[in-house]
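Given next are the chains, with one letter for each unit.
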Amino acid sequence: MDGDRVEIDGGIMEGGGQILRVSTALSCLLGLPLRVRRIRAGRSQPGLRPQHLSGLEMIRDLCDGKLNGGEIGSTEITFTPGKIKGGTHIADTKTAGSVCLLMQVAMPCVLFAASPSELHLKGGTNAEMAPQIDYTVMVFKPIVEKFNFTFNCDIKRRGYYPQGGGEVVVQMSPVKELSPINLTERGTVTKIYGRAFVAGALPIKLAKDMSAAAVRCIRREIRDLYINIQPVREPDDQAIGTGSGIIIVAETSTGCLLAGSSLGKRGKNSDKVGIEAAEMLLQNLKHGGTVDDSLQDQLIIFMALAKGVSRVKSGPITLHTQTAIHFAEQLTKAKFTVTKSEDEDPSNDTYIIECQGMGMINPNL
């Protein structure tokens, strides 16, 4: 501690931007001044990238805070939060940096604002190393809303690597407190659906090929379910640049949603893109958990803030999740335990993530 500044080592565990997102969001919520050192020390290009910087600047503006060290490449920042306010806020990575990662850092904060918020997030909507916006809408949104809040996510324009240019508008109202969640019953898979998309200079045939390859791959494991993966060409006035990709979602009888996704890139066969997404989905279904690898770590901060005990059954715990738990525990009074699940099926590699939340109360409501 420096005075009463919380010291965060941004180079441990996952060693990436997630440490920054979790710790600055919690700093903003709890009114804790923060210093983060060795930012993204685990990455080939350490320090702040445009996407991390625009996320930090948005959090600073959300709460009238003070940010020092906020420039591209910086490996140390100090942040002093103020009071969280609603209203309209804009974050623009000016690159293909992920809008979904911007949403991750801002969303917990605006839930505890004084009034409704509208976030204009600009950058890449379908980026590597981040959830695609389709995943955010189709999987993250319905599950995270089980914490007893709702948000609206309007995709104004899609933007792809390398230039970005996408825009998503998120609207949400503040809550008094978050309810805990209990996601421990997987149920059986009842339907599989998704979308395979192309945009810009690419023909719709590629989307059809991705979809067909994915269906063939899933059929080898799951024979009796109707699989509906829609091939779409994004309208030219709603997409910047050229891009392609696919997301496939499995829905279960208990309302669980698990997904697999993949992005196309130059020189990558469209069948391969479809197969990658299908294999990721099957992998996520194999372990018997109620959430997939991408959702696991995104729920941690909400579990930590909720009032009461949350329980989530997952597959093997990812390093991202271990990292999120570590920093959530360091900054809040939440207590997490991870135990091997006593499953009927011994071949299932499943775990129960349990959290006694801190019971954050919105002082403004």
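As the structure is a prediction and not an experimental result, all values here were calculated from the model.

Section: the packing of aromatic side chains
Okay, step 1: Per the counting criterion, the structure on display carries six aromatic pairs.
Okay, step 2: Clustering of aromatic rings is evident, with ring pairs tying together Phe140, Phe147, Phe149, Phe151 and Phe302.
Okay, step 3: When the ring centre of Phe151 is taken as origin, the NZ or CZ atom of Lys141, which lies over that ring, is 5.3 Å away.
Okay, step 4: Positioned over the ring face of Phe197 is Arg158, at 5.8 Å from the centre of the ring.

Focus on the sheet that holds strand E10 (residues 189-199)
Okay, step 1: The four strands lie next to each other as E11-E10-E13-E14, forming an open sheet whose pairing is mixed. Each end of this open sheet is capped by a strand with a single partner; those strands are strand E11 (227-233) and strand E14 (257-263). Taking the axes of each pair of neighbouring strands and ignoring which way they run, one obtains an average angle of 15° across the sheet.
Okay, step 2: Two strands pair when backbone bridges link them, and strand E13 (residues 243-252) and E14 are joined in this way by seven bridges, in the antiparallel orientation.

Overview of the pattern of salt bridges
Okay, step 1: Tallied over the entire structure, the rule returns 23 salt bridges.
Okay, step 2: Among the ionic pairs, Glu7 bridges to Arg37, the shortest N-O distance being 3.1 Å. Taken together, the residues span a long stretch of sequence, with Glu7 in strand E1 (residues 6-9) and Arg37 in strand E2 (residues 34-37) at a distance of 30 residues.
Okay, step 3: Under the relative-accessibility criterion, Glu7 is labelled partly exposed at 23%.
Okay, step 4: Its relative accessible area of 35% is what places Arg37 among the partly exposed residues.
Okay, step 5: Salt-bridge contacts for Asp349 lead to Lys340; the nearest nitrogen and oxygen are separated by 3.5 Å.

A closer look at helix H2 (residues 50-62)
Okay, step 1: Spanning 13 residues, H2 covers 18 Å between terminal C-alpha atoms, matching the ideal 18 Å at 1.5 Å per step.
Okay, step 2: Check the buried side of H2 and you find it contacts helix H1 (17-30), strand E3 (66-68), strand E4 (77-80), strand E5 (87-92), helix H3 (99-111) and strand E6 (117-123).
Okay, step 3: Directly beyond the C-terminal end of H2, a positive phi value near 50° is found at Asp64.

As for empty space enclosed by the protein
Okay, step 1: In total, this model carries four cavities of 30 Å³ or more according to the counting rule given.
Okay, step 2: The volume enclosed by the largest cavity comes to roughly 140 Å³.
Okay, step 3: In terms of lining residues, the largest cavity is bounded by 14 residues, among which Val22, Gln104, Asp297, Gln298 and Ile301 are the most central.
Okay, step 4: The set of elements that each furnish at least two residues to the lining of the largest cavity consists of H1, H3 and helix H8 (300-305).
Okay, step 5: Tallied by class, residues from the lining of the largest cavity come to nine nonpolar, three polar and two charged.
Okay, step 6: Approximately 90 Å³ is the volume found for the second largest cavity.
Okay, step 7: Gly17, Leu20, Arg21, Thr24, Gln51, His52, Gly55, Leu56, Leu101, Leu102 and Val105 are the residues that line the second largest cavity.

Description of the domain arrangement of the protein chain
As a measure of interface size, the accessible area lost when the parts come together is often cited.
Okay, step 1: Each assigned domain of the protein chain is listed here: domain 1 (176-182 + 295-364) and domain 2 (189-287).
Okay, step 2: Placing a centre on the C-alpha atoms of domain 1 and another on those of domain 2 gives a separation of 29 Å.

Topic: the sheet that holds strand E9 (residues 182-183)
Okay, step 1: Here four strands make up an open sheet; going across it, the order is E9-E15-E17-E16 and the pairing mixed. Strand pairing shows two members of the sheet lacking a second neighbour, E9 and strand E16 (335-340), which therefore form its edges.
Okay, step 2: Against the sheet, helix H9 (residues 319-331) touches E16 and strand E17 (351-356), its axis set at about 150° to E16.

Side note on the pairing of strand E8 (residues 166-172)
Okay, step 1: Most of E8 is tucked away, with six of its seven residues classed as buried.
Okay, step 2: One ladder, built from six bridges, connects strand E7 (residues 151-159) with E8; its direction is antiparallel. The residue of E8 that forms the bridge with Asn152 is Gln171.

Some details on the state of the cysteines
Okay, step 1: Applying the stated criterion across every chain, the model contains zero disulfides.
Okay, step 2: With no disulfide of its own, Cys256 lies closest to Cys355 among cysteine sulfurs, the gap being 19 Å.
Okay, step 3: We classify Cys256 as buried; its relative accessible area is 3%.
Okay, step 4: Distance from the sulfur of Cys355, which forms no disulfide, to the nearest cysteine sulfur (Cys109) is 17 Å.
Okay, step 5: Taking relative accessible area as the criterion, Cys355 reaches 0% and is therefore assigned buried.

Cut-offs and rules
- Residues numbered from 1 in each chain as written.
- Predicted model: local features only at pLDDT ≥ 70, side-chain atom pairs only at ≥ 80, totals over all residues.
- Heavy atoms only, no water.
- Phe/Tyr/Trp six-rings, centres within 6.5 Å; stacked < 30°, edge-to-face > 60°.
- Lys NZ or Arg CZ within 6 Å of the ring centre and 35° of its normal.
- Pairing = 2+ DSSP bridges.
- Helix = DSSP H or I, 4+ residues; strand = E, 2+ residues; numbered from the N terminus.
- Axes fitted to C-alpha atoms, helices over the stretch in contact; angles between N-to-C directions.
- Salt bridge = Lys/Arg side-chain N within 4 Å of Asp/Glu carboxyl O.
- Buried < 20%, exposed > 50% of the residue type's maximum accessible area, 1.4 Å probe, protein only.
- Expected span 1.5 Å × (residues − 1).
- Contact = heavy atoms within 4.5 Å.
- 1 Å grid on protein atoms, 1.4 Å probe; cavity = no way out; pocket = protein on both sides within 12 Å on 5 of 7 lines; lining within 4 Å.
- Points joined across faces, edges and corners; volume = space filled by probe spheres on them.
- Nonpolar A, V, L, I, M, F, W, Y, C, P; charged D, E, K, R; others polar.
- Domains from an automatic or database assignment.
- Disulfide = S-S within 2.5 Å.

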